[in-house]
Amino acid sequence: MEKEGKNKKENNVMTPKEIITYFKDKFKKGIKNVKIEKKTAGVKKNEFVVLWMEIDRKIFKNAVKELAKIQFPHLAVISGDDIEKEIKLNYHFSLYYAKRLEEISINFSVKLPKNNPSIETITDIIPGALITEREIQEMLGVKIKNIPDKRRMFLSNEFPKSVYPWRKDEKGINDKLINKLYMRK
Amino acid sequence: MKKKKEEVKEVYPLCIGPIHPALKEPAMFEFKISGEKIVDVDINMGHNHRGIEWMARSRNPVQIIYLAERVCGICNICHAYAFCRAVENIAEIEVPERAEYIRTIVAELERIHSHLLWAGVAAHELGFDSVLYLTWRVREKVLDLIEYLTGNRITKAIMMIGGVRRDISKEQIPKIKEALRYYKKIFVKLKSIFLEDPTIAARTKGVGILTKEDALTLCAVGPTARASGVPKDVRQDQAYLAYGDIDFKAITPDILTGEVNGDVYDRIVVRLLEVKQSVEIIEQCIDEMPSGEILFEKKIPVLLAKLKNTIGEGIGRHEAPRGEVFHYVRLSGKENVETWKIRAPTYNNLLSWIPMLLGEQIADIPIVAASTDPCISCTERVAIVKKESKKREILTKEDLTKLSVEKTRRLMKG
């Protein structure tokens with residue numbers, strides 16, 4: 001029975017527009033700045049689609065849960081961006097992978113205010129998100145709530161605390177930390 | 001009485017690295033060992049951070065292409081291409097069809113050389129150095145061909161935003177075809193050496209298993225995922241470059257053996273078959289290559305001026321030899337790139353080491369760790385490294401290889 005249900009789901013592929021209406025119906029105003037990017041390639045001009053959605057922090061985890069209901073998503077990575085008063089995280093998912101020309105890239109972005117940059121972990125939904133969440137935590141100073149492993153990932157323990165290399169403000173890499181080899185005598 | 005003895009077995013820590021037990025790159029494994037068995041694994045990274053994304057903040061998009069090529073010595077087409085694709089997506093640059101075919105050919109040549117390099121390393125880890133020499137000699141042919149086509153053996157410097165920097169002329173095609181024939185012939189030999197040898201089978205079958213479920217939930221990519229029965233392959237899943245035109249399917253081990261075990265043997269199967277697949281893809285590309293321009297914009301200052309006035313974000317994905325490469329780029333109407341995030345395939349395969357290594361023997365660490373074809377220089381890119389030495393028992397790479405070789409010899413005798 002369970003197997004049958006799975007097959008049914010697999011045959012029932014949603015189009016990019018359906019995915020967007022699915023999320024919009026579910027979360028109403030929580031979804032903003034929706035963008036569908038279509039590109040063609042090669043001589044045959046086959047198409048591939050990239051979706052972009054900005055998601056409110058309050059409903060973010062539920063949105064990821066909804067996404068996982070469609071199909072277990074592939075998480076490429078979480079990228080982070082320092083945009084003045086906010087930190088923007090981009091969760092790069094994809095659906096319908098492992099099938100000929102059917103994959104859809106789905107990017108969820110979420111904005112966090114700098115005075116309280118925190119977000120729930122998604123490792124309970126996607127265990128493979130652990131490394132990228134640890135990286136976001138040390139590189140941007142975003143607090144990932146309930147992360148199962150709080151340690152640093154790539155920075156060594158000697159690296160000063162409360163300096164976050166991906167930040168572009170006063171918490172980023174300052175001049176003192178840069179070793180200018182060409183200025184040495 | 002016997003049972004009691006086993007209970008007394010103490011669990012002791014064992015650190016391997018930062019000098020890597022597989023490829024010559026730094027990563028540290030902290031194991032908990034009970035007797036010969038691994039009961040816990042922790043991976044300690046960050047020994048090779050070079051701050052490449054940070055360095056990119058003071059560079060313009062064209063300068064970054066050359067920086068991207070230096071992320072990794074092997075996957076230098078992948079990173080340069082993924083970056084170019086992201087920028088092309090943002091600026092809506094149409095890449096000429098011919099350029100897409102040339103990019104495909106070079107990317108597949110890179111896959112052949114990378115997989116052969118890996119096959120040699122795997123043979124070395126098992127203690128078959130003669131096979132290492134054979135595969136690396138075979139690899140020379142593709143390196144020579146890459147040099148013939150791009151001017152460089154390793155760092156190809158052929159990518160440009162909106163196309164490629166060198167065309168493939170009609171006169172060059174016979175030499176490519178000759179190399180492809182050579183690989184088709186040698187493939188039969190490599191297949192019998194790696195897949196029919198009873199000792200290699202004994203050392204790799206049932207070792208380092210990654211289940212299909214783990215491969216999915218840990219978001220594994222590339223041959224590591226495919227060997228576990230998840231046919232993820234960006235080339236197959238998305239239409240990009242010439243891959244949308246060419247008919248092929250992601251390789252899983254059941255194509256050859258009829259079953260998926262997700263062990264080291266299956267990962268050898270997948271990589272070897274992919275060498276053959278790459279040869280076939282290149283053949284199709286050469287036959288069907290359209291004529292025309294190879295660059296969107298020949299004048300680099302014009303291209304840079306266009307990018308300077310572009311605002312937006314984009315992603316670039318490509319199937320590197322080790323799996324999916326992912327780049328995120330944001331342009332903000334300035335001369336330099338605002339944000340750039342690189343994600344190499346090994347990054348996503350780090351976590352899959354843990355289920356692979358649990359329960360295995362110490363002597364199996366080198367081959368299991370090497371079986372994902374890890375590339376640490378890709379995975380880590382931020383500066384500053386100093387690791388205080390802790391007083392623990394540390395096995396060097398030489399000790400480990402010795403252990404592994406001894407195990408192979410034991411098996412050969414028995």
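For the structure itself, consult the block above.
Attention here is on the structure that accompanies the text. Only a predicted model underlies this, so the values are computations on that prediction, with no experimental measurement involved. (Residues numbered from 1 in each chain as written. Chains lettered and ligands numbered in written order. Predicted model: local features only at pLDDT ≥ 70, side-chain atom pairs only at ≥ 80, totals over all residues.)

Residue and element names in this part refer to chain B. Locating Leu67 in the fold gives a position in helix α3 (residues 61–69). Spatially, the C-alpha atoms of Leu67 and Ala56 are 7.7 Å apart, while their sequence positions differ by 11 residues. Not counting the four nearest positions on each side in its chain, Leu67 is found in contact with Ile52, Met55, Ala56 and Arg59. (Helix = DSSP H or I, 4+ residues; strand = E, 2+ residues; numbered from the N terminus. Contact = placed C-beta atoms within 7 Å.)

With that settled, consider helix α2 (residues 16–27) of chain A. The terminal C-alpha atoms of α2(A), which comprises 12 residues, lie 17 Å apart, in line with the 16 Å expected from a rise of 1.5 Å per residue. Positive phi appears at A:Lys28, one or two residues downstream of α2(A), with a value of about 50°. (Expected span 1.5 Å × (residues − 1).)

Glancing now at the sheet that holds strand β7 (residues 323–332) of chain B. Adjacent strands of a sheet pair through backbone hydrogen bonds, lying either parallel or antiparallel. All names here are of chain B. The strand order across the open sheet built from 3 strands is β6-β7-β8, with neighbouring strands paired in antiparallel fashion. Only two strands of the sheet have a single neighbouring strand rather than two, namely β6 (311–320) and β8 (339–343). Ignoring strand direction, the axes of neighbouring strands in this sheet form an average angle of 10°. Sheet topology places β7 next to β8; 5 bridges connect them, and they run antiparallel. Looking at the pairing, Arg330 lines up with Thr339 of β8. Each of β6, β7 and β8 is contacted by helix α4 (residues 76–91), which is oriented at about 145° to β6, the strand it contacts most. (Pairing = 2+ DSSP bridges. Axes fitted to C-alpha atoms, helices over the stretch in contact; angles between N-to-C directions.)

Let us now look at the interface of chain B and chain A. On the chain A side, the residues contacting the 43 residues of chain B number 41 residues. Of all the secondary-structure elements, those providing two or more residues to the side of chain B that touches chain A are α5 (97–126), α9 (212–217), α11 (234–237), β7, β8 and α15 (345–349) of chain B. At 4 residues, the largest contribution of residues to the side of chain B that touches chain A is made by β7(B). Looking at the side of chain B that touches chain A residue by residue, the classes come out as 22 nonpolar, 9 polar and 12 charged. (Nonpolar A, V, L, I, M, F, W, Y, C, P; charged D, E, K, R; others polar.)

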